[in-house]
Amino acid sequence: MSEYDPQALQAKWQQRWEEQETYRASEDPADPRERRYMLDMFPYPSGDLHMGHGEVFALGDVVARYWMQKGYNVLHPIGWDSFGLPAENAAIKRNAHPAEWTYANIETQANSFRRYGISFDWSRRLHTSDPDYFRWNQWLFIRFFERGLAYRKGGLVNWCPNDQTVLANEQVVAGKCERCGADVIRRELTQWYFKITDYAQRLLDDMEQLTGWPERLLTMQRNWIGRSEGADVLFEIEGRDEPVHVYTTRPDTLYGATFFVVAADAALADEIVTDEQRPAFEAYRAEVAKLSDIERLATDKEKTGVFLGRYAINPVNGERIPVWAADYVLSDYGHGAIMAVPAHDQRDLDFARKFDLPVKVVVHTGLADPGETGEATPGEGTLVNSGPLDGLTKTEAITKIIEILETQGRGTGAVNFRLRDWLLSRQRYWGTPIPIIHCPDCGEVPVPDEQLPVTLPDLRGEALAPKGVSPLASATEWVNVECPKCAGPAQRDTDTMDTFVDSSWYFLRYCSPGYNDGPFDPEQVRKWGPIDQYVGGIEHAVLHLLYSRFFTKVLHDMGMVDFTEPFQRMLNQGQVINGGKAMSKSLGNGVDLGQQIDDFGVDAVRLTMVFAGPPEDDIDWADVSPAASQKFLARALRVMSEVTSEPGVAFDGGDTELRKVTHHTIDEATKLIESQRFNVAVARMMELTSATRKAIDSGPGPADPAVREAAETLAVLLSLVAPYTAEEGWERLGRTGSVAFAGWPVADPALLVQESVTCVVQVAGKVRDRLEVSPDISEDELRALALASEKIAPYVQGMPRKVIVRAPKLVNIVP
RNA sequence: GCGUCCGUAGCCCAAUGGGAGAGGCAACGGCCUAAGGAGCCGUACGGUGCGGGUUCGAAUCCCGCCGGACGUACCA
């Protein structure tokens, strides 16, 4: 290994790339190259880079470098998602300011990135915690506010008792805080929301454009948005003036509604409960409020509820049905109230059986009576006991009943979404202040644009300790301001924005990082956007990726961008694990990226990441071998170093066998990179290396032009994965300039044709003979040749029934 | 429970309706060597989770199981 000193190569080439700004994207309007935008999800600066970063950026760099080789003008920027809780927690612990920890970590990561050799355009670097950046968060917030897309409302919200802040729906995973894993509880609070639900249908429809996204990602978003079709039906409640809306996907079963359920925490329940039932109701409601989400949503949990003492009137048949309150009905979906059809809905049936409510079958499905079996029959069938719907199928009945309801003014067809509005306020310090001033006379007044940014008051240490309200509230000098409208005494909003706001548009800022007249220069965004390839973790499937799509659509509606989807292609890399488990301190199975680099070199680590398997698969570090990668790179560099011909020599006269290998490798590697099968592309590079080695040792020798061709090809292919080794090899081959821009080789079709191919002769699908034939042999010739084979004779008596010929590779004889 | 994806050599993984194996790890053998954990060359290993079906032909398509991963979870 003495010849291959990765640390020395790294030092040498890293310096040159920096001096020459090798990877800077060109802004020159005269630059004729087509533009491409390659983006990796920007990192959060929590300490140094880890193995996960190592993987994402190694993969993203393959794409960026491939495009550079192909001659595109590539934008490949880097920045930091530098607002967020960990900085705040660190600051409390160290009695410091969050910025200290944050910016120190950013420097550490930046240095690691440089060492890691990622082809970033460093001139566009941004940090979301810079006033120059978050100023535009505030500017955008105000624009959203003006359009009615940012609003404040009271209601039950998700509260993380550990982080002492509210959370958006998307940040509650299985009832737990997405960040810290604490059980989320529900609190009644007034908070800021983005009206993402206004865009639900478009978020769904525009997924058609996302042909370059993995299917599972689209599925996750589709499920999260959760569109359903049905009807809004009006139910009168005895003793209430206004009728109550319910949403149902099964209006056809309206005749089977035997009771009515209101969410226990809905205002309606509190309003209509009779005096007699009130004590029971309030006790029940208190009981429900105590449950954590985890308990409340447990699948095997028994149905609970309480009768409200009232009756609703079924609009189609005038039946009086009892109104109950229960926690299986959610207050924030639909209208927070349902008609219960126990025969055809399992949840309603469970409830009916628990509380002895009647079960009435209205769809004959051929299955046993749900009232007897306890199994609801939600499937297809024929309507019965349903007046005008009798005899119809489910689908027909749905259409018909909606028609009837609409004619009578008792309901309409309706669409509902599972998606909720995006709760964006956070009761924490290290984020973007919400640029609103609360005035007792004027209400919510946006901070005038010219006063932006609203910067954070200087708080540190204990002052940041979570106490259930934002730390900003204690900065009285900062809080108390004049109302921009009436100049009367007023107060700043003391919450900060969810950091997902920061990341919802950062990719646009990269197009014009210093721009001062808006969040981004629309002209530059038109030139670079949308992003051609985005790389990042699947964990953002319904977080960052959904929010960014929403932001892009709003910006499109504002006329600021001319596309409606920000990310054309999406690659979700897997995770790096160790020994079958996620790396963690408690398991003690962590692997340190820096240590791996020290031990094996950057290129070997990157190669290991890329070669380990398909990019979307997890990499178990216990299953792979960076040492082996290092050996391969040493071998490749040795091959490149042993070439003795001069640069520029014509390849034509070189050894044909090796040339064919080289051109096959080019052909295959190109297709493999295009289809993101990077691991297989690396395997091809290994083959080319072996073939070249053989040619030098026991073939035409190191002076043969074909050996140079193979070695130069290897350097270029390798530059996507192992840039240091590739640069060094390129230089040793006597070439000048960075190998990064050497140009992607093109396979010569003449060298791809083979003189002969092996044709397999099968009898009844079993291989019985192999023939060497010309690749352009005709079907007839091949058939004749195969039938004449002596090896097949024992298996074929007389005329075969059928002969399938797939020239030139295969003949199958069916005797 | 529902949805999506996945089961190929001891291990990581190729093969996208046509020969089961490209590449790598580990193993074994040879050459080189003072020796080697370096280098070079080579060898072996499975019939594709199980059972059906479609087809001239199935790892690949369809159905049902078994096992695993991820997502989601009272959304009316």
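Residues numbered from 1 in each chain as written. Chains lettered and ligands numbered in written order. Predicted model: local features only at pLDDT ≥ 70, side-chain atom pairs only at ≥ 80, totals over all residues. Heavy atoms only, no water.

Draft legend 1. View of the pattern of salt bridges. In this structure the tally under the stated criterion is 53 salt bridges. Between Glu731 and Arg16 there is a salt bridge, and its shortest N-O distance comes to 3.1 Å. With Glu731 in helix H25 (residues 723–732) and Arg16 in helix H1 (residues 6–20), this pair connects stretches of sequence that are 715 residues apart. Classification of Arg16 by relative accessible area gives partly exposed; the value is 30%. One salt bridge connects Glu229 with Arg227, and the closest N-O pair in it is separated by 2.6 Å. We classify Arg227 as partly exposed; its relative accessible area is 33%. One network of salt bridges, with partners in common, ties together Lys12, Arg16, Glu728, Glu731 and Arg732. (Salt bridge = Lys/Arg side-chain N within 4 Å of Asp/Glu carboxyl O. Helix = DSSP H or I, 4+ residues; strand = E, 2+ residues; numbered from the N terminus. Buried < 20%, exposed > 50% of the residue type's maximum accessible area, 1.4 Å probe, protein only.)

Draft legend 2. Here's a closer look at the state of the cysteines. Enumeration according to the criterion identifies 0 disulfides in this entry. You can see Cys177 has no disulfide; the closest cysteine sulfur is in Cys180, sitting 3.7 Å from it. According to the relative accessible area criterion, Cys177 is buried, its value standing at 4%. The structure places no disulfide on Cys442, whose sulfur is separated from the nearest cysteine sulfur, that of Cys486, by 3.7 Å. (Disulfide = S-S within 2.5 Å.)

Draft legend 3. Here's a closer look at the sheet that holds strand S26 (residues 531–537). Pairing within the open sheet is parallel, and its 4 strands lie in the order S2-S1-S26-S27. Looking at the sheet topology across the chains shown, the edges are occupied by strand S2 (73–75) and strand S27 (567–573). Sheet twist, expressed as the average angle between the axes of neighbouring strands with direction ignored, equals 20 degrees. Both strand S1 (residues 35–40) and S2 contribute to a ladder of 3 bridges, which runs parallel. Its bridge partner lying in S2, Arg35 is registered against Asn73. (Pairing = 2+ DSSP bridges. Axes fitted to C-alpha atoms, helices over the stretch in contact; angles between N-to-C directions.)

Draft legend 4. Representation of helix H24 (residues 705–718) within the structure. Between the first and last C-alpha of H24 there are 20 Å, a value that for 14 residues agrees with the 20 Å anticipated at 1.5 Å per step. Here H24 lies mainly inside the structure; 14 of its 14 residues are buried. Among the residues of H24, the N-terminal cap falls to Asp704, whose side-chain oxygen and the backbone nitrogen of Ala706 are separated by 2.7 Å. (Expected span 1.5 Å × (residues − 1). Polar contact = N/O pair within 3.5 Å; in protein donor to acceptor, adjacent residues only side chain to side chain.)

Keep in mind that these numbers describe shape and distance, not what the molecule does.
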